Protein chains: 2
Amino acid sequence: MINDGSKQREIDKRTIPYKLILEERELPKYWYNVRADMTKKPAPLLDPETMKPITEEALRKVFCDELVKQELDDTTRLIPIPREILDFYKMYRPAPLIRAYCLEEKLGTPAKIYYKFEGNNTSGSHKLNSAIAQAYYAKNQGLKGVTTETGAGQWGTALAMACSYLDLECQVYMVKCSYEQKPFRREVMRTFGASVTPSPSMTTEIGQKILAAHPDTSGSLGCAISEAVEVATKTEGYRYVLGSVLSQVLLHQTIVGLECQAAFEKYGVEPDVIIGCAGGGSNVGGLISPFMGEKLRGEKDYQFIAVEPKSCPSLTRGTYAYDYCDTGNICPLQKMYTLGSNFIPSPSHSGGLRYHGMSSIISELYDQKLIDAVSVEQTEVFAAAEEFARVEGILPAPESSHAIKVAMDIAKECKETGEEKTILFCLTGTGYFDMYAYEKFNNKQMEDYIPTDEELQASFATLPEIK
Amino acid sequence: MINDGSKQREIDKRTIPYKLILEERELPKYWYNVRADMTKKPAPLLDPETMKPITEEALRKVFCDELVKQELDDTTRLIPIPREILDFYKMYRPAPLIRAYCLEEKLGTPAKIYYKFEGNNTSGSHKLNSAIAQAYYAKNQGLKGVTTETGAGQWGTALAMACSYLDLECQVYMVKCSYEQKPFRREVMRTFGASVTPSPSMTTEIGQKILAAHPDTSGSLGCAISEAVEVATKTEGYRYVLGSVLSQVLLHQTIVGLECQAAFEKYGVEPDVIIGCAGGGSNVGGLISPFMGEKLRGEKDYQFIAVEPKSCPSLTRGTYAYDYCDTGNICPLQKMYTLGSNFIPSPSHSGGLRYHGMSSIISELYDQKLIDAVSVEQTEVFAAAEEFARVEGILPAPESSHAIKVAMDIAKECKETGEEKTILFCLTGTGYFDMYAYEKFNNKQMEDYIPTDEELQASFATLPEIK
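Conventions we followed
- Residues numbered from 1 in each chain as written.
- Chains lettered and ligands numbered in written order.
- Predicted model: local features only at pLDDT ≥ 70, side-chain atom pairs only at ≥ 80, totals over all residues.
- Heavy atoms only, no water.
- Helix = DSSP H or I, 4+ residues; strand = E, 2+ residues; numbered from the N terminus.
- Rg over C-alpha atoms; globule rule 2.2 N^0.38 Å.
- Buried < 20%, exposed > 50% of the residue type's maximum accessible area, 1.4 Å probe, protein only.
- Contact = heavy atoms within 4.5 Å.
- Areas by Shrake-Rupley, 256 points an atom, 1.4 Å probe, with all protein chains shown as cover.
- Lys, Arg positive; Asp, Glu negative; His and termini not counted.
- Charge placed at Lys NZ, Arg CZ, Asp CG, Glu CD.
- Buried area = accessible area lost by both parts, 1.4 Å probe.
- Salt bridge = Lys/Arg side-chain N within 4 Å of Asp/Glu carboxyl O.
- Polar contact = N/O pair within 3.5 Å; in protein donor to acceptor, adjacent residues only side chain to side chain.
- Nonpolar A, V, L, I, M, F, W, Y, C, P; charged D, E, K, R; others polar.
- Axes fitted to C-alpha atoms, helices over the stretch in contact; angles between N-to-C directions.
- Parallel < 35°, antiparallel > 145°, perpendicular 65-115°, else oblique.
- Left-handed = near helix turned anticlockwise from the far one by under 90°.
- Least-squares fit on C-alpha atoms with pLDDT ≥ 70 in both.
- 1 Å grid on protein atoms, 1.4 Å probe; cavity = no way out; pocket = protein on both sides within 12 Å on 5 of 7 lines; lining within 4 Å.
- Points joined across faces, edges and corners; volume = space filled by probe spheres on them.
- Pairing = 2+ DSSP bridges.
- Right-handed = clockwise from strand over helix to strand, strands pointing away.
- Expected span 1.5 Å × (residues − 1).
- Patch = residues over 30% accessible without salt bridge, like charges linked within 9 Å, V, L, I, M, F, W, Y side chains within 5 Å.
- Phe/Tyr/Trp six-rings, centres within 6.5 Å; stacked < 30°, edge-to-face > 60°.

Colleague: Please explain the overall build of chain A as it appears in this structure.
Modeller: Helix and strand counts for chain A come out as 19 helices and 15 strands. Computed over the C-alpha atoms, the radius of gyration of chain A is 21 Å, within 12% of the 23 Å expected from 2.2 N^0.38 for a compact globule of 467 residues. The dimensions of chain A, computed from C-alpha atoms along their principal axes, are 65 × 50 × 45 Å. Across the 467 residues of chain A, 67% fall into the buried class. Taking contacts inside chain A between residues at least 6 apart in sequence as the whole, the part at least 24 apart equals 77%. Total accessible area computed for chain A in this model is approximately 16,500 Å², and 49% of it derives from carbon and sulfur atoms. Put simply, chain A has 50 plus and 63 minus side-chain charges, and the middle of one group is 3 Å from the middle of the other.

Here is the structure:
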């Protein structure tokens, strides 16, 4: 007889609610810095002018002081969360950890599926966790404003919200095709008081240069980063902030994993497999870090899976090398899994996860074979998203749906093998501003594009040579 | 010295969290039927063919059996919530009751502001509370599917979600201007498997008739209702369901007020003023009913305020009379505050709250002067919405923002008078699909339209004569 998990589910329902909710007083008071537990640390950032490890002083021109400290600190295990940030977190955190009883039943699987839902806030994603931290440190330093880039728009929205709360100016460079295709994302940012400029623009030198060379370009994240950094470094009282990739961002996002740990402990649950979608790495990094710490310290073992799109496969098909983080080559260089800073994913790929590189922490952990990575196609991702939405009642973001797809695949395998694996994934956000992509899927007009080996080789050829 | 409330807030923060959350096991197990405690009950529905009180049998052609019972039952105080519905509620309920510490601080008011947040689900509003109940009873009766209408799209989305969960067919008639202006709402419904038809359409007799007379009409709720009812009564195994106005809907929505009561009791809070936005009355009715019960039984006293738009002012400028609920005059007649079933609010008015009539329960309570009503202009509503969003971090629906506006006004009065009123309002939903309206507001292109006395008199002249 097949074990469809139904008996165990009825037993579980007696002690485990649908939503494993922590109380506000159970909110983690520290972020966890996984680098402190890594024997081999991520490689240092390089200064693009000297190609040597960048100094604190040079970084301070770009980022505000406290964030520079966090970026460079690879030894302090726990970083206290300031009270003001904790107060802001209380508006939408602790975020629910949800037992997917309905999905399990639909799949008829003995696997136990849990997901951390980070979409229950107006920014619609986990991005707000780092946005408020970065805005707070900028405000605390007496700065006037911050600049940033945004692609899919979640990060820009999160930053606009954090800045409006703290009364800080916010200038967002939004990738031009996104600016045009997602006017409503733009309006949310404007409603929160941010100024939004389509990138590339004529407001920066680098934008002018790119437009002169490619007048019809629809923009890219790497290009928008260059513009935002240029404005920040040239404007009095401004600094630049970034929504992913950097180690400081992964640090702030550990609130996600720490809350999962606390909720699991409260209800006596132990996960076997932990899954996150991977673009720049902030979500998967924040989710897995505290569990990875246990693994690195030899206390427990887990399987970690980073899921990326086949159209932008930095971990599964990229190369581990020093590369530029932006198109204009004005940001520090980072050693990471990369597709080359000139790589631009197919426009047919929807949503985020379009960045050419990957967090240096995730890259190093992957290189040490402590994390697995898989890539999935867009159409199968939306099919999983729809199946999930119909039973769990949450319309997921395309990004998050990469993790859903793999979690469902594993749950289906368990149905075959009878294994009762406990799966955790992060539902990073909601898809309310991605209905254009859902419409394409509903109308069976969605396309997948997988770069060829030749395209990737050509892109790798542009990597900088580091001695 | 002015009492800006800051001292009391610091004290309150020690015992009252930002989010007053109930546990799943604290979910109310019964809906509360306020009619049972009313000495003078709402007038009975009339059969449009006989103009006599409608029989259970006649109603069963339109609604499923259990819902007919609930519609006609004005004596049973507590109606048990079936286990299957409770299980569905657990996916997104109990909904948070939030102490608006940040808003209070921003306003510098000694008033204590609480709001029940009903937008934390993919339908984006409280509508899901009744959608799942109505879909459940339809499924339980062995029906194949349901039809409905939707204007702003929240109800249609909620019903599509509930039907997809229960594997029930769902046909939505969507007011044509909404169908065209809100393609993304339409896609959410399609993602949940519903079929969506712009109304008026050629698929029904009434639609054909309306299109013949008004080929360029952009549609109305009253017209979409007629189409949905026609299809339901003519299709084997189908019934019609409605998202507001009816007493059964108010009954299901009492889960909102009951959770507020439970959370207040848990934390030792007593509200003075309770505020809800009013379109058809389902939200304000569900919110206030349990508190009204206490008032009717002489146990406690509260001030209740229903807030409606000046462009569709059924309570504040309507007349209390029997009227048709739909344009095609095929639905039962209801005694209610109404602007006349041919009244169509100005297209410049955004969002819902566009219905010409009002729940018979709310109408009767208002007529007995147990509820106050005020009307507000659209531009001031969006200004309040923006101010709220920037400090509370939730982008509210235009409908909900009517309640926000009045709550903020009262809080500002408290600042003048020094009163420490405790205010509760319902934040019925989020505005993610209303960015078109926010864009108009951001660009200072928003218009208000208030119907003239002559227009209303002309509309009242079309009311049916009842002997």
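The structure having been displayed, the exposition proceeds.
Colleague: What's the story with the interface of chain A and chain B in this structure? I'm lost.
Modeller: How large an interface is tends to be reported as the accessible area lost when its parts come together. Taken together, the 42 residues of chain A in the interface contact 42 residues of chain B. Carbon and sulfur atoms supply 56% of the area that chain A and chain B bury against each other, a total of about 4,000 Å² over both sides. Among the residues chain A hides against chain B, the three largest losses belong to A:T191, A:R390 and A:Y432. Together they make up 17% of the total. Run the count over chain A and chain B and you get four salt bridges. Linking chain A with chain B are 26 residue pairs in polar contact (both at pLDDT 80 or more), by the criterion used here. Of all the elements in the fold, those that place two or more residues in the side of chain A that touches chain B are α7 (154-166), α9 (183-191), α16 (378-392) and α18 (435-442) of chain A. Classifying every residue of the side of chain A that touches chain B by side-chain character gives 21 nonpolar, nine polar and 12 charged.

Colleague: Just to check I follow, could you spell out the packing of helix α12 (residues 247-267) of chain A against helix α13 (residues 282-296) of chain A for this structure?
Modeller: Between two packed helices, what matters for the description is the angle formed by their axes and the separation of those axes. Residues and elements named next belong to chain A. It is at 6 Å that the axes of α12 and α13 come closest, and there the two elements cross at 55°. Taken as axis vectors, α12 and α13 run oblique relative to one another. The chirality of how α12 crosses α13 is right-handed. Contacts between α12 and α13 pair V249, L250, Q253, T254, V256, G257, L258, C260, Q261 and F264 from the former with S282, G285, G286, L287, S289, P290, F291 and E294 from the latter. Partitioning the contact of α12 with α13 into residue classes produces nine nonpolar, eight polar and one charged.

Colleague: Is there a simple way to explain the pattern of salt bridges in this structure?
Modeller: One side chain can pair with another of opposite charge once the charged atoms of both are near each other. All chains considered together, the criterion is met by 68 salt bridges over all chains. Here B:D37 and B:R77 are joined by a salt bridge, their closest N and O atoms 2.4 Å apart. Placement of the pair is B:D37 in the loop between β2 (30-32) and α2 (56-60) and B:R77 in the loop between α3 (65-72) and β3 (78-80), with a sequence separation of 40 residues. Judged by its relative accessible area of 11%, B:D37 is buried. Among the charged side chains, a network of salt bridges with common partners joins A:R9, A:D12, A:R99, A:E104 and A:K112.

Colleague: Even after reading the chapter, I still don't get the relation of the copies chain A and chain B, so can you show me in this structure?
Modeller: Relating the two copies of this chain is a rotation about some axis coupled with a shift parallel to it. Mapping chain A onto chain B leaves a residual RMSD of 0.0 Å; the transformation is a rotation of 180° accompanied by 0.0 Å of translation along its axis. Taken together, the rotation angle and the small translation identify this as a two-fold axis. Both copies contact each other with a shared surface, as 100% of the interface residues of chain A are interface residues in chain B too.

Colleague: Sorry, what's going on with empty space enclosed by the protein here?
Modeller: Left-over empty space is what a probe sized like a water molecule reveals as it rolls over the atoms. A complete count under the given rule lists nine cavities of 30 Å³ or more for this structure. Within this model, the largest cavity holds a volume of roughly 550 Å³. Forming the boundary of the largest cavity are 41 residues, of which A:P96, A:F117, A:N120, B:P96 and B:N120 lie nearest the centre. Classifying every residue of the lining of the largest cavity by side-chain character gives 25 nonpolar, 12 polar and four charged. For the second largest cavity, the calculated volume is near 120 Å³. Around the second largest cavity, the lining comprises 15 residues; the ones closest to its centre are A:F63, A:L242, A:L246, A:C325 and A:C331. Its residues assigned to classes, the lining of the second largest cavity comprises 14 nonpolar, one polar and no charged.

Colleague: What is the right way to read the sheet that holds strand β10 (residues 273-277) of chain B from this model?
Modeller: Adjacent strands of a sheet pair through backbone hydrogen bonds, lying either parallel or antiparallel. Residues and elements named next belong to chain B. Here we have seven strands laid out as an open sheet, ordered β1-β4-β5-β15-β10-β11-β14, and mixed in their pairing. Since the sheet does not close on itself, it has two edges, and those belong to β1 (19-20) and β14 (372-376), each with one partner. Here strand β4 (residues 97-99) pairs with strand β5 (residues 112-117) via three bridges, running antiparallel. Residue pairing across strands places I98 opposite Y115, the latter belonging to β5.

Colleague: Is there a simple way to think about the sheet that holds strand β14 (residues 372-376) of chain A in this case?
Modeller: Residue and element names in this part refer to chain A. Ordered by their spatial adjacency, seven strands build an open sheet running β1-β4-β5-β15-β10-β11-β14, and the pairing between neighbours is mixed. If you trace the sheet from one side to the other, it starts and ends with β1 (19-20) and β14, each paired once. Relative to strand β11 (residues 303-309), strand β10 (residues 273-277) runs parallel, the two being bridged by five bridges. Note on β11: the bridge partner recorded for G276 is A306. Where helix α17 (residues 398-417) meets the sheet, its contacts fall on β5 (112-117), β10, β11, β14 and β15 (422-427), and the angle it forms with β10 comes to roughly 150°.

Colleague: It is not clear to me how the pairing of strand β7 (residues 169-175) of chain B should be interpreted in this structure. Could you clarify?
Modeller: If a strand is regular, its side chains alternate between the two faces of the sheet. Residue and element names in this part refer to chain B. Among the seven residues that make up β7, five are buried, leaving the element largely enclosed by the rest of the structure. In this structure, strand β6 (residues 145-150) lies alongside β7, joined through six bridges in parallel fashion. Along β7, the bridge assignment pairs T150 with M174. Tracing the backbone out of β6, into helix α7 (residues 154-166) and back to the parallel element β7 gives a crossover that is right-handed. Pairing between β7 and strand β8 (residues 195-199): five bridges, direction parallel. The residue of β8 that forms the bridge with M174 is P198.

Colleague: Quick question: what am I supposed to make of α7(A) here?
Modeller: Every α-helical turn comprises 3.6 residues, leaving residues that sit three or four positions apart pointing alike. Residues and elements named next belong to chain A. An ideal rise of 1.5 Å per residue puts 18 Å on 13 residues; α7 measures up with 19 Å between its terminal C-alpha atoms. Along α7, 12 of the 13 residues are buried, which leaves the element largely enclosed by surrounding structure. Taken as a whole, α7 has its buried residues at Q154, W155, G156, T157, A158, L159, A160, M161, A162, C163, S164 and L166. Trailing α7 by a residue or two, D167 shows a phi angle of about 60°, which is positive.

Colleague: How do you make sense of the environment of B:Y32 when you look at a structure like this?
Modeller: Residue and element names in this part refer to chain B. Its location among the elements puts Y32 in strand β2. Of the residues examined, Y32 reaches a relative accessible area of 5% and is grouped as buried. Other than its neighbours up to four places away in sequence, Y32 contacts D37, R77, L78, L251, T254, L258, S289, P290, G293 and R297. Within the structure, Y32 has its side chain in polar contact with the side chain of D37 (distance 2.5 Å).

Colleague: Just to check I follow, could you spell out the environment of A:L128 for this structure?
Modeller: Summarising the element assignment, A:L128 is placed in helix α6 (residues 128-140). When near neighbours in sequence (up to four residues on either side) are disregarded, A:L128 contacts A:F88, A:Y92, A:N121, A:S123, A:A158 and A:M161.

Colleague: What exactly am I supposed to notice about a negative patch on the surface here?
Modeller: A surface patch of negative charge is lined by A:D272, A:E413, A:E416 and A:E419. Considering the arrangement of structural elements, one finds A:E419 in the loop between α17 and β15.

Colleague: Can you help me understand the packing of aromatic side chains in this one?
Modeller: Two descriptors summarise a pair of aromatic rings, namely the distance from one centre to the other and the angle between the planes of the rings. All names here are of chain B. Enumeration over the complete set of coordinates arrives at 36 aromatic pairs over all chains. Measuring from centroid to centroid gives 4.7 Å for F88 and Y165, while their planes differ by 70°, and the two rings are edge-to-face. Here F88, found in helix α4 (residues 83-89), pairs with Y165, found in helix α7; they are 77 residues apart in sequence, far enough to count as distant. For F88, a relative accessible area of 1% gives the class buried. Ring centres 5.1 Å apart and planes at 70° place the aromatic pair Y337 and Y366 in the edge-to-face group.

Colleague: Even after reading the chapter, I still don't get the packing of helix α10 (residues 205-213) of chain B against helix α11 (residues 221-234) of chain B, so can you show me in this structure?
Modeller: All names here are of chain B. The N-to-C vectors of α10 and α11 enclose an angle of 150°; their axes lie 8 Å apart at closest approach. With respect to α11, the axis of α10 lies roughly antiparallel. Contact residues: E205, I206, G207 and I210 in α10; C223, S226, E227, E230 and K234 in α11. Considered class by class, the residues forming the contact of α10 with α11 number three nonpolar, two polar and four charged.

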